[in-house]
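Results of the structural survey
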Amino acid sequence: MSVTIVSEPHEEGMHPTLPQLVRAASIIGESCTVIIPGGNGADEASKIQGVEKVIKLNGDCFSVFDSSAWSAAISGLVDGTVLMATTPMGRELSASIAAGLGRSVVQDVTSIAPGIKVERPAYSGKAVESISVSGDAVITIRPNAIESAESGGSADVSTVDSGENLKIAILEAIAKAGERLDVSEADIIISGGRGLGDRSNFEKLESVADSLGAAVGASRAVVDEWGLPHSMQVGQTGKTVTPSLYIAVGISGAIQHLAGMRSSRYILAINKDPEAPIFGVADYGIVAQWEDALPILHEAIKSLP
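Before going into details, it helps to say that this report is about the structure given with it. Keep in mind that this is a model prediction, so the values were computed, not measured.

We now examine the pattern of salt bridges. Enumeration according to the criterion identifies 7 salt bridges in this entry. Glu147 is paired through a salt bridge with Arg265; the nearest N and O atoms lie 3.2 Å apart. Here Glu147 is found in the loop between strand S9 (137–141) and strand S10 (156–161), whereas its partner Arg265 is found in the loop between helix H7 (255–261) and strand S14 (266–271), with 118 residues between them in sequence. The residue Asp182 makes a salt bridge to Lys239 at a minimum N-O spacing of 2.7 Å. In this pair, Asp182 sits in the loop between S10 and strand S11 (188–192) while Lys239 sits in the loop between helix H6 (220–226) and strand S13 (245–249), placing the two residues 57 residues apart along the sequence.

The final tally for this structure, using the stated rule, is 3 aromatic pairs. Arranged with centres 5.3 Å apart and planes meeting at 70°, the rings of Phe62 and Trp70 form a pair that is edge-to-face. Summarising the burial analysis for this pair, Phe62 and Trp70 share the class buried. Here Phe65 and Trp70 contribute two aromatic rings whose centre-to-centre distance is 5.0 Å and whose plane-to-plane angle is 85°, an arrangement assigned as edge-to-face. For Phe65, a relative accessible area of 22% translates into the label partly exposed. Using a relative accessible area of 2% as the deciding quantity, one classes Trp70 as buried. Each residue in the set Phe62, Phe65 and Trp70 is aromatic and connected to the rest through ring pairs, giving one cluster.

This structure, assessed with the given rule, holds 3 cavities of 30 Å³ or more. Here the largest cavity is characterised by a volume of approximately 50 Å³. Considering the residues around the largest cavity, the lining is formed by Val6, Ser7, Glu8, Pro9, Pro37, Trp70, Met84, Ala85, Thr87, Met89, Gly90 and Leu93. Looking at the lining of the largest cavity, the elements with two or more residues in it are strand S4 (81–85) and helix H4 (88–101).

Here Thr242 is to be found in the loop between H6 and S13. Residue contacts for Thr242: discarding those within four places in its chain leaves Arg142, Pro143, Asn144, Ala145, Ser263 and Ser264.

Next up on the list: the environment of Arg103. Mapped onto the fold, Arg103 is located in the loop between H4 and strand S5 (104–109). Remark: the alpha-carbon pair of Arg103 and Asp210, spanning 107 residues in sequence, is separated by 42 Å. Setting aside residues no more than four positions away along its own chain, Arg103 makes contact with Gly80, Thr81, Val82, Ala98, Asp136, Ala137 and Val138. In this structure the side chain of Arg103 is engaged in a polar contact, spanning 2.6 Å, whose partner is the backbone oxygen of Gly80.

Relative to each other, helix H5 (residues 202–212) and helix H8 (residues 290–302) sit at 20°, their axes nearing to 10 Å. As judged from the angle between their axes, H5 and H8 are roughly parallel. Both H5 and H8 take part in a crossing whose hand is left-handed. Residue-level contacts link Lys204, Leu205, Ser207, Val208, Ser211 and Leu212 of H5 to Trp290, Leu294, His298, Ile301 and Lys302 of H8.

The rules behind the values
- Numbers given to residues run from 1 along each chain, matching the order in which its sequence is written.
- In view of the model being predicted, local features appear only for residues whose pLDDT reaches at least 70, and side-chain atom pairs are presented and counted only at 80 or more, with totals across whole chains, interfaces and linings using the full set of residues.
- Based on all heavy atoms of the structure, the side-chain values leave hydrogens and waters out of the count.
- We count a salt bridge whenever a side-chain nitrogen from Lys or Arg sits within 4 Å of a carboxyl oxygen from Asp or Glu.
- Strands here are runs of E lasting at least two residues and helices are runs of H or I lasting at least four, both read from the DSSP assignment and numbered beginning at the N terminus.
- Two aromatic rings from Phe, Tyr or Trp, using only the six-membered ring of Trp, form a pair when their centres are within 6.5 Å; if the ring planes differ by under 30 degrees the pair is stacked, by over 60 it is edge-to-face, and anything between is tilted.
- Remark: exposure states derive from per-residue accessible area (1.4 Å probe, protein chains only) relative to the maximum for the residue type, with buried under 20%, exposed over 50%, and partly exposed in between.
- Cavity: a set of points on a 1 Å grid over the protein atoms alone where a 1.4 Å probe fits but cannot get out. Pocket: an open set with protein on both sides within 12 Å along at least five of seven lines, its lining residues, like those of a cavity, having an atom within 4 Å of a point.
- Grid points are joined across faces, edges and corners, and a volume is the space filled by probe spheres set on the points.
- When checking whether two residues touch, look at their non-hydrogen atoms; a contact exists if any pair is within 4.5 Å.
- Here a polar contact means two N or O atoms within 3.5 Å. Within protein one must be a hydrogen donor candidate and the other an acceptor candidate, and residues neighboring in sequence count only if both atoms are side-chain atoms.
- All axes here are fitted lines through C-alpha atoms, helices being fitted over the stretch that makes contact, and every angle between N-to-C directions spans 0 to 180 degrees.
- Here the angle decides the label: under 35 degrees means roughly parallel, over 145 means roughly antiparallel, 65 to 115 means roughly perpendicular, and every other value means oblique.
- Crossings are classed by handedness, with left-handed meaning an anticlockwise turn of the near helix from the far one by less than a right angle and right-handed meaning a clockwise turn.

Following this line, the structure appears as structure tokens:
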């Protein structure tokens, strides 16, 4: 079975979700072709076991994301089932590619098996939906839901120039200065809720995040009430995350928040209320004032080798 992976571009080289997508491709097919818009990280991608070919897709349109232009350039190169990561870009681009090819699209998959049998959360994470996909489809896989493929490959790398004629083109997108690691891509996340008491206390979380190399998230309540960026929001109306470690500080655990993080590999909760719902999904719980527990935790983290 042919599998094509469309890898999201990444400023620092290969996108961190690509090895996970390659492992998923190996489960449903023998090898895969990787398409990288803009070509950044192609050499790294070629060294992943299971990758047969890497295509560096060049073109002026790839300097800034535009789903219409990108899907038009990519669609003619895909063969078989298409895999992408469940990121904001991946969701939009996968839907555009699927519409252009007249295929089904399955979003936010957390498990994949031979024969293209997939699972994904349903009803805000309260149930798991099992789907058998017939024929070629476009599938997005939640970051960190599948183990990464190992390195050691030696795939061929080729370059394709895209000459798409665009009716509309985005000339420039200005990123917000000082933006931190995105919660949807992070392997470790520390999130804060209303229990922190004040927006300024997020500086304490940022300090811990810097020591861990983590992203900083937030509950919907503090995003709405304290004016934090929506990009930080974890939950049903924010971002769904699957990090190796999720640290919830001052978050009670409303069902809307749990829907976005309950599939994390390990969950550590810090809350003064022993009856808080967050402890129902946590692997480790600390019943204490966050002001007392967080500094001790931070010092322990900094002492790790």
